[in-house]
Amino acid sequence: MGHQSKIPVWLEWWFFGCQVLGAFFAGWYNDKFGRKSSLAISCIITIIGNTVAITAPVGHPINLVMAKCVIGIGIGILVSTCPVYLSELMSPTLRGIGSMGINFSICFGQWIGSLIYFGCSKNYTGIDDSTGYKIAFGIQYLLVGGYLLLFWFMPESPSYLIHRGKLEEAKAAIKKLYHNKNNTEYDIDSHYEILIKEVEEEKMNAESEKEVSYAELFKATNLKRVVLSIFALTGQLWVGVSFVLTYISYFFELAGVSSSIEKTVGMFTLCVGGNLVSYFVIERVDRRVLYIGGVALCTIMNLLIACVSYGSSQAAAYTTVVFVFLWAFIYEATVGPLTYALITELPQGRMRAKSVAITSNVNSLCSFGLGYLIPYLFNPDEVNMGARIMFVWTGTGVVLFVVMLFFLPETRGRTANEIEQLFVNKVGALKFKRAKFDEDDKLIMSSVGKEVSQA
């Protein structure tokens, strides 16, 4: 085996820094120039990074890390823009379904990646490492290229256009999305009026008429909404996703499971299936039930996996596989996709882009730290916890369950205008569901146990 250069830790920090930079850029750009072109920029940057990775000379890891940094900027823009853009293309009461698209994309990408890995390992046994990763990078040309082709036919976010005062363009965008020969009954005017009311309510509660700044996110009720969004997104890490979906092949190998690659492909196939199930339940089941219930079930699976790990038989190993498969399906049907609905529904509409950027960066920071902590705890030559590392995620899952049980509000079926009024009036999380609104879409204070203030 030839000499392999060690990649310095500080270069990994570059990748993380580039991802954070991309997210902050997206938060500013999305509010200034729109969501549609922001995604196009992300795709172009990703193409540049892929090209650098594929053409990098073998034996020069610095070039690969630099390519990773370029891609990091693109990823930062993507994860901060996609949930916002997709949610705002949906009708106001169905934003959750749209925002979940990014989780399906991630899940589908992981599944494709596992299939590529499986196919190369079976059909090209003599394949070298450089060819393997070049195939993986090359596939991305098809995905980002597809969006760039669709770019010219995609509408801009109607919500963004209304916030920028481009009312006629907003109405045209809604019509482009929902009015066609097969759907002539959609109430475009009602959709438009809901968005107008959303903007008017937010302007009334805004501290100033200036452009939204990141500092405004940390004032008054906005801070609470950002913190809840951060808990919702990092909740994916709290239940163990950074271990299960990242190290699963290595975990299966150490557990003595035969055909570990096939098991990994099977798990990611289940993930796709769970994600598809989530689309059927997202608007039929309350957000709190899905998220908190998903956290509880994943935490139970974590505990079972950790307990079974004390066994050394083949039966114990395959029992672990079953629990991991159950965890993957439950996670992708509940916590995984629902997170993206929550981080777009909880913030104020005018601050949605910057809130998602901040939330994504905190999540990236936590993921980066876990990238160093997990191998240290798991590897046989370090702490050697093995599968008992799942006790860690059991503990964090319990904490997340308690926090969300008392502080996560119910947002299913609520418009942004209604959610705005509930937060501004400091309605408790457990009272969101019972809230009623009058014919003018104003909160009926008595429905949430509050007195009507006297003028």
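Residues numbered from 1 in each chain as written. Predicted model: local features only at pLDDT ≥ 70, side-chain atom pairs only at ≥ 80, totals over all residues. Heavy atoms only, no water.

Labelled according to an unreviewed UniProt entry, the protein appears under the name Major facilitator superfamily (MFS) profile domain-containing protein, originating from Eeniella nana. In UniProt, the protein has this text filed under Sequence similarities (unreviewed entry): "Belongs to the major facilitator superfamily. Sugar transporter (TC 2.A.1.1) family." (UniProt positions renumbered as here; feature names shortened; annotations may be inferred.)

K.L.:
Got a minute to help me understand the confidence of the model for the protein in this structure?
P.N.:
Residues shown with low pLDDT carry predicted positions that ought not to be read at fine detail. When pLDDT is averaged along the protein, the result is 85; 90% of the residues meet or exceed 70. Helix α17 (residues 390–407) holds the highest mean pLDDT among the elements of the protein, 96, whereas helix α6 (residues 129–150) holds the lowest, 79. (pLDDT = per-residue confidence, 0-100. Helix = DSSP H or I, 4+ residues; strand = E, 2+ residues; numbered from the N terminus.)

K.L.:
What's the story with the environment of glutamate 169 in this structure? I'm lost.
P.N.:
With respect to the helices and strands, the residue glutamate 169 is situated in helix α8 (residues 167–178). Of the residues examined, glutamate 169 reaches a relative accessible area of 47% and is grouped as partly exposed. (Buried < 20%, exposed > 50% of the residue type's maximum accessible area, 1.4 Å probe, protein only.)

K.L.:
Even after reading the chapter, I still don't get empty space enclosed by the protein, so can you show me in this structure?
P.N.:
Taking a probe equal in size to a water molecule and rolling it over the atoms shows the remaining empty space. Evaluated as defined, the whole model comprises two cavities of 30 Å³ or more. Size it by volume and the largest cavity reaches roughly 50 Å³. Listing elements by their share of the lining of the largest cavity, those giving two or more residues are α15 (335–345) and α18 (416–424). Considering only residue class, the lining of the largest cavity consists of three nonpolar, two polar and four charged. (1 Å grid on protein atoms, 1.4 Å probe; cavity = no way out; pocket = protein on both sides within 12 Å on 5 of 7 lines; lining within 4 Å. Points joined across faces, edges and corners; volume = space filled by probe spheres on them. Nonpolar A, V, L, I, M, F, W, Y, C, P; charged D, E, K, R; others polar.)

K.L.:
What am I meant to see in the packing of helix α10 (residues 220–238) against α17 here?
P.N.:
The axes of two packed helices give the description: the angle between them and the distance between them. Where α10 contacts α17, the two axes come as close as 10 Å, and the packing angle between them is 155°. As the angle between them shows, α10 and α17 are arranged roughly antiparallel. Crossing geometry of α10 relative to α17 is assigned as left-handed. Residues Leu228, Phe231, Ala232, Gly235, Leu237 and Trp238 of α10 form the contact with α17, whose participating residues are Trp393, Thr396, Gly397, Val399, Leu400, Val403, Met404 and Phe407. (Axes fitted to C-alpha atoms, helices over the stretch in contact; angles between N-to-C directions. Parallel < 35°, antiparallel > 145°, perpendicular 65-115°, else oblique. Left-handed = near helix turned anticlockwise from the far one by under 90°. Contact = heavy atoms within 4.5 Å.)

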